[in-house]
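Letter by letter, the chains look like this.
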Amino acid sequence: MESPEMVFTLAYLLFCVCFLLTPTEFRSAGITVQGLFSGWLGSEDLDFVRYHTRRTTTTMVVHALLPLGYYIGMGFTVPKAQLFYFHKASDSWRMYLLVSLIVPACLGTLGFFWSRNGWGNHPLARALARHVSSSMSWRIAAVSLNTEFRRIDKFATGPPEARVIVTDSWVVKVTPYKVNVAQQRDIHLTLIESRQHSLSPETSSAIQFLTIRVVSITPGVPAFDIRLNSTEYGELREKLHAPIRNARNVVIHQTLSDLFLEAFKTQVELNDCYYMPVGQPQETEPCIGCMQVPATVKLHKQCDGNAEGECQTCFCRPMWCLTCMGKWFASRQDQQHPEVWLSSRAPCPTCRARFCILDVALVR
């Protein structure tokens with residue numbers, strides 16, 4: 001029969017591993033630093049910088065208290081060890097207790113120092129200060145990051161305690177104890193590694209993870225790596241302003257939708273262009289699909305004669321960009337038979353006139 005000490009040690013070790021790595025079950029039950037201290041941390045959406053200065057500090061101190069929790073739990077589990085009586089405990093237990101008290105006390109003091117001056121001493125505040133001139137406050141950069149994080153068009157991936165976030169101006173990597181930030185205008189990106197896993201717990205299929213090195217030209221800003229699923233690479237690339245250099249010629253496994261979208265764009269670029277009639281405004285309106293770029297395509301029947309074939313004439317003005325039109329076309333296809341997508345048809349998203357890829361023309 002196993003001793004109570006062994007049972008408690010194994011149980012506490014399992015708890016610590018789950019608390020540190022936060023599996024889905026713990027996260028759903030709120031047994032995380034973010035869940036247990038949500039009232040103190042505040043709202044990430046309302047104040048991203050303040051939330052993470054508090055979160056990283058709280059995480060550091062709480063994790064440092066785990067050894068002390070083991071000592072207290074062992075004191076209840078094994079009363080004969082008399083761990084609650086310092087002078088009666090064994091020398092090894094007294095040494096363990098001193099270390100488990102000194103470490104969180106030191107880190108707690110460090111956290112108190114970080115919180116002074118309105119959290120101006122925190123590493124995240126000092127990192128933001130490097131992105132503004134010496135005469136300006138780090139809070140100006142914090143306001144910019146907070147504002148852009150609240151926008152719905154940001155790129156974000158990963159669990160709450162280990163995320164990659166890309167906004168219009170910032171690239172952010174969130175870890176349990178640290179937050180790396182870099183401005184997009186000052187960075188160089190390099191794809192340095194690819195790792196293939198034969199089975200993913202979420203999709204029960206093969207999965208590829210990419211590692212991208214982010215190097216800032218701003219003095220004092222350390223380089224850092226971001227890691228993401230290869231299926232998110234296309235979305236990340238659309239949000240980044242700087243190109244990603246693939247120095248090692250890493251083969252990226254894209255999703256079926258990404259592959260089709262590339263083929264769709266390639267074919268449309270080969271089609272005849274549509275020239276706006278004389279007398280009509282030459283500048284098109286923003287794409288009604290994404291509202292981010294101008295409308296760049298017009299459905300113009302070109303595959304057959306005007307009265308022949310399944311395709312129909314569309315009289316809508318240019319209202320969609322090439323990417324959104326490609327996504328719409330893919331969404332209207334039989335998802336079980338992707339091999340026929342390129343030769344299939346779809347209804348116009350506005351007037352429902354049927355068209356094929358040959359009818360999609362770039363506006364000139």
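Conventions used here
- Residues numbered from 1 in each chain as written.
- Predicted model: local features only at pLDDT ≥ 70, side-chain atom pairs only at ≥ 80, totals over all residues.
- Heavy atoms only, no water.
- UniProt positions renumbered as here; feature names shortened; annotations may be inferred.
- Helix = DSSP H or I, 4+ residues; strand = E, 2+ residues; numbered from the N terminus.
- Expected span 1.5 Å × (residues − 1).
- Buried < 20%, exposed > 50% of the residue type's maximum accessible area, 1.4 Å probe, protein only.
- Contact = heavy atoms within 4.5 Å.
- Pairing = 2+ DSSP bridges.
- Axes fitted to C-alpha atoms, helices over the stretch in contact; angles between N-to-C directions.
- Salt bridge = Lys/Arg side-chain N within 4 Å of Asp/Glu carboxyl O.
- Polar contact = N/O pair within 3.5 Å; in protein donor to acceptor, adjacent residues only side chain to side chain.
- Domains from an automatic or database assignment.
- Buried area = accessible area lost by both parts, 1.4 Å probe.
- Nonpolar A, V, L, I, M, F, W, Y, C, P; charged D, E, K, R; others polar.
- Patch = residues over 30% accessible without salt bridge, like charges linked within 9 Å, V, L, I, M, F, W, Y side chains within 5 Å.
- Areas by Shrake-Rupley, 256 points an atom, 1.4 Å probe, with all protein chains shown as cover.
- Phe/Tyr/Trp six-rings, centres within 6.5 Å; stacked < 30°, edge-to-face > 60°.
- Lys NZ or Arg CZ within 6 Å of the ring centre and 35° of its normal.

Asks: I'd like a rundown of the UniProt feature "transmembrane region" (unreviewed entry) in the protein, residues and numbers included.
Replies: Per the UniProt record, the feature "transmembrane region" (unreviewed entry) sits at residues 52-72 and 93-114. Counted over residues 52-72, helix gives 95% and strand 0%. Its end C-alpha atoms are 30 Å apart. For residues 93-114, the end-to-end C-alpha separation is 32 Å, with 100% helix and 0% strand making up the annotated structure.

Asks: Could you give an account of helix α6 (residues 66-77), with specific residues and numbers?
Replies: Because the α-helix completes a turn every 3.6 residues, residues three or four places apart line up on one side. For α6, which comprises twelve residues, the first-to-last C-alpha distance of 16 Å matches the rise-based estimate of 16 Å (1.5 Å per residue) to within 8%. Along α6, the positions that sit buried rather than exposed are L66, L68, Y70, Y71, G73, M74 and G75. The elements touched by buried residues of α6 are α1 (4-21), α5 (48-64) and α7 (91-119).

Asks: Any chance you could break down the sheet that holds strand β3 (residues 170-174) for me, citing the residues and the numbers?
Replies: Backbone hydrogen bonds are what pair the strands of a sheet, in a parallel or an antiparallel way. Taken in spatial order, the four strands line up as β1-β2-β3-β4 in an open sheet, and their pairing is antiparallel. Edge positions in the sheet fall to β1 (155-157) and β4 (179-183), since each has one partner strand and no second. Each strand axis lies, on average, 10 degrees off the axis of its neighbour in the sheet, ignoring direction. Judged from the five bridges that link them, β3 and β4 form a sheet pairing that is antiparallel. Residue pairing across strands places V174 opposite V179, the latter belonging to β4. Contacts from α5 reach β2 (163-166), β3 and β4, with the element oriented near 25 degrees to β3. Contacts between helix α9 (residues 138-149) and the sheet are confined to β2, β3 and β4, with β3 contributing the most and set at about 85 degrees to the helix.

Asks: Would you mind going over the pattern of salt bridges in detail, with residue names and values included?
Replies: Counted under the stated rule, the structure contains nine salt bridges. A salt bridge links R213 to D225; the shortest N-O distance between them is 2.2 Å. One end of the pair, R213, is in strand β6 (residues 207-216); the other, D225, is in strand β7 (residues 224-229), with twelve residues separating them in the sequence. For D225, a relative accessible area of 24% puts it in the partly exposed group.

Asks: Give me the lowdown on the side chain of T22, citing residues and values where you can.
Replies: Relative to the helices and strands, T22 is located in the loop between α1 and α2 (24-29). Given a relative accessible area of 7%, T22 falls into the buried group. Every residue in contact with T22, bar those within four places of it in the chain, is listed here: V17, R27, T32 and E161.

Asks: Quick one: what's the story with the side chain of T32, residue by residue and with numbers?
Replies: Mapped onto the secondary structure, T32 falls in the loop between α2 and α3 (33-36). Of the polar contacts made by the side chain of T32, one reaches the backbone nitrogen of G35; its length is 3.0 Å. Not counting the four nearest positions on each side in its chain, T32 is found in contact with F19, T22, F26 and R27.

Asks: Would you mind going over the environment of M291 in detail, with residue names and values included?
Replies: For M291, the location among the structural elements is in the loop between α11 (256-270) and β9 (297-299). Remark: the alpha-carbon pair of M291 and C321, spanning 30 residues in sequence, is separated by 9.3 Å.

Asks: I'd like a rundown of the pairing of β4, residues and numbers included.
Replies: Burial analysis of β4 places five of its five residues in the buried class, the great majority of the element. Where burial is concerned, the two faces of β4 agree: the one with V179, V181 and Q183 and the one with N180 and A182 are both buried.

Asks: Give a detailed account of the environment of C321, specifying residues and quantitative values.
Replies: If you trace the backbone, C321 turns up in the loop between β9 and α12 (322-331). If sequence neighbours within four positions are ignored, C321 has contacts with C287, C290, V293, P294, A295, T296 and V297.

Asks: Please set out unusual backbone geometry residue by residue, giving values where relevant.
Replies: Positive phi outside glycine occurs at Q82, with the angle close to 50 degrees. Along the chain, Q82 falls in the loop between α6 and α7. With a phi close to 60 degrees, N117 is a non-glycine residue in the positive phi region. Tracing the chain through its elements places N117 in helix α7. What makes N117 exposed here is its relative accessible area of 59%.

Asks: How would you explain α9 if you had to name every residue and give the values?
Replies: Taking 1.5 Å per residue, twelve residues should reach 16 Å; α9 reaches 17 Å between its end C-alpha atoms and fits that length. Packed against the buried residues of α9 are α5, α7, α8 (123-129), β2, β3 and β4.

Asks: Describe the domain arrangement of the protein, naming the residues involved and giving the relevant values.
Replies: In terms of domains, the protein is made up of domain 1 (4-121), domain 2 (134-246) and domain 3 (256-362). On a C-alpha basis, the centres of domain 2 and domain 3 stand 32 Å from each other. When domain 2 packs against domain 3, the two sides together hide about 220 Å² of surface, and 19% of this comes from carbon and sulfur. Joining domain 2 to domain 3, the criterion identifies zero salt bridges. Its residues assigned to classes, the side of domain 2 that touches domain 3 comprises no nonpolar, one polar and three charged.

Asks: Tell me about a nonpolar patch on the surface, residues and numbers included.
Replies: A contiguous nonpolar surface patch, about 500 Å² in accessible area, is contributed by L13, V17, L20, L21 and Y177. Looking at the secondary structure, you find V17 in helix α1. Classification of V17 as partly exposed rests on a relative accessible area of 38%.

Asks: Account for the packing of aromatic side chains, with residues named and values stated.
Replies: Inspection of every chain in the model, using the stated rule, returns 18 aromatic pairs. Seen from their ring centres, Y12 and F15 are 6.2 Å apart, and the 40 degrees between their planes marks the pair as tilted. With Y12 and F15 both in helix α1 and three residues apart, this pair spans about one turn of that helix. Each residue in the set F8, Y12, F15, F19, F26, Y70, Y71, W93 and Y96 is aromatic and connected to the rest through ring pairs, giving one cluster. The residue whose ring lies beneath R94 is F86, and the NZ or CZ to ring-centre distance is 5.8 Å.

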